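# Overview (structure and organization)
Given next are the chains, with one letter for each unit.
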Amino acid sequence: MPSQTEKNPQKQWSLQDFEIGKPLGKGKFGRVYLARETKSKYIVALKVIFKEQIEKYRLHHQLRREMEIQTSLRHPNVLRLFGWFHDSERIYLILEYAHGGELYKELRKTSHLTEKQAATYISSLTQALAYCHEKHVIHRDIKPENLLLDHEGRLKIADFGWSVQSRSKRHTMCGTLDYLAPEMVENKAHDYAVDNWTLGILCYEFLYGAPPFEAESQSDTFRRIMKVDLSFPSTPYVSAEAKDLISRLLVKDSSKRLSLEKIMEHPWIIKNADPTGTC
Ligand code: AMP
């Protein structure tokens, strides 16, 4: 499949090219199935989206943007989108298959991750985001549900639904509140540094099992984000180096947040992250 799309990027795919297997999951706009490309026997995940849903929510521009961005990205920690096709009712996305499923489920199973696992995921995410930022793509919706794992446990960023390709500061409000940077909650102009904030949130959630500003109501979460009301529970035990990294990312002034380059040089990452990205 990857070589086919490389050799012939214009190839017109259709449902006849695939054998459909078990359902892998259900999203907001459709279902995802395991599938095999008949000729090459290559296993993929086929995401089926109903056009009616897309039209109802006027999401065609967003979906097209998501598809164009994701097909253009080539990184070991970014889920590949090999191509897409449609029939009268549905749109089909041909996606790289992530055998390990959602990282979210892994996190819920064990309640929190080890420092080695957390550092490996943060390092993989940082490298993927550095690559995206180089291509002027801001993801803006990084959360555990959008992170998948392959058969070796390697992290893959999926779902570019909210991402934008941009060279300037952006204004639109989007994403889930818990993972949003203060400048996004306030609907102020924002840039690449929103993804750096989210890395801090995720690092905290990986180690403690819940995001740092979780609250009963959206308005309380909003207030906690705005105040950067950060505290570290005494259990589970988390090293001082991990807390140092989190504190350097959850900084209100976006220009003072640790850069992606500096994250990769941080002692906690150096000490704990697996260089192969598998754990
Ligand atoms: P989504 O519509 O993208 O939210 O996907 C719904 C569910 O299908 C996800 O929560 C995953 O469990 C599963 N899924 C989506 N994409 C893939 C993939 N590429 N490989 C394996 N499972 C996937």
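Quick notes on the rules
Residues numbered from 1 in each chain as written. Predicted model: local features only at pLDDT ≥ 70, side-chain atom pairs only at ≥ 80, totals over all residues. Heavy atoms only, no water. UniProt positions renumbered as here; feature names shortened; annotations may be inferred. Axes fitted to C-alpha atoms, helices over the stretch in contact; angles between N-to-C directions. Helix = DSSP H or I, 4+ residues; strand = E, 2+ residues; numbered from the N terminus. Parallel < 35°, antiparallel > 145°, perpendicular 65-115°, else oblique. Left-handed = near helix turned anticlockwise from the far one by under 90°. Contact = heavy atoms within 4.5 Å. Nonpolar A, V, L, I, M, F, W, Y, C, P; charged D, E, K, R; others polar. Expected span 1.5 Å × (residues − 1). Buried < 20%, exposed > 50% of the residue type's maximum accessible area, 1.4 Å probe, protein only. Pairing = 2+ DSSP bridges.

- For the protein, an unreviewed UniProt entry supplies the name Aurora kinase and the organism Ilex paraguariensis.
- Entered under Sequence similarities (unreviewed entry) in the UniProt record, the comment concerning the protein runs "Belongs to the protein kinase superfamily. Ser/Thr protein kinase family. Aurora subfamily."

## Some thoughts on the packing of helix α7 (residues 193–208) against helix α9 (residues 240–249)
- At a minimum axis distance of 8 Å, the contact between α7 and α9 shows a crossing angle of 150°. With respect to their mutual orientation, α7 and α9 come out roughly antiparallel. In the packing of α7 onto α9, the handedness of the crossing is left-handed. Every residue of α9 that contacts α7 at Asn196, Trp197, Leu199, Gly200, Cys203, Tyr204, Leu207 and Tyr208 is listed here: Ala242, Lys243, Ile246 and Leu249.
- Across the contact of α7 with α9, the residue classes tally to nine nonpolar, two polar and one charged.

## Some remarks on helix α3 (residues 60–72)
- Taking 1.5 Å as the rise per residue, α3 with 13 residues should run 18 Å; its terminal C-alpha atoms sit 18 Å apart, in good agreement.
- Within α3 the residues assigned to the buried category are Gln62, Leu63, Glu66, Met67, Ile69, Gln70 and Thr71.

## Side note on the sheet that holds strand β2 (residues 30–37)
- Spatial ordering of the open sheet is given by β1-β2-β3-β5-β4, a layout of five strands whose pairing is antiparallel. Looking along the sheet, the strands with just one partner apiece sit at the ends: β1 (18–26) and β4 (81–86). On average, each strand axis in the sheet is tilted by 25° relative to the strand beside it, whichever way the strands run.
- Here strand β3 (residues 43–50) pairs with strand β5 (residues 90–96) via seven bridges, running antiparallel. The residue of β5 that forms the bridge with Leu46 is Ile94.
- Packing against the sheet, α3 makes contact with β3, β4 and β5, and its axis sits at approximately 145° to β4.

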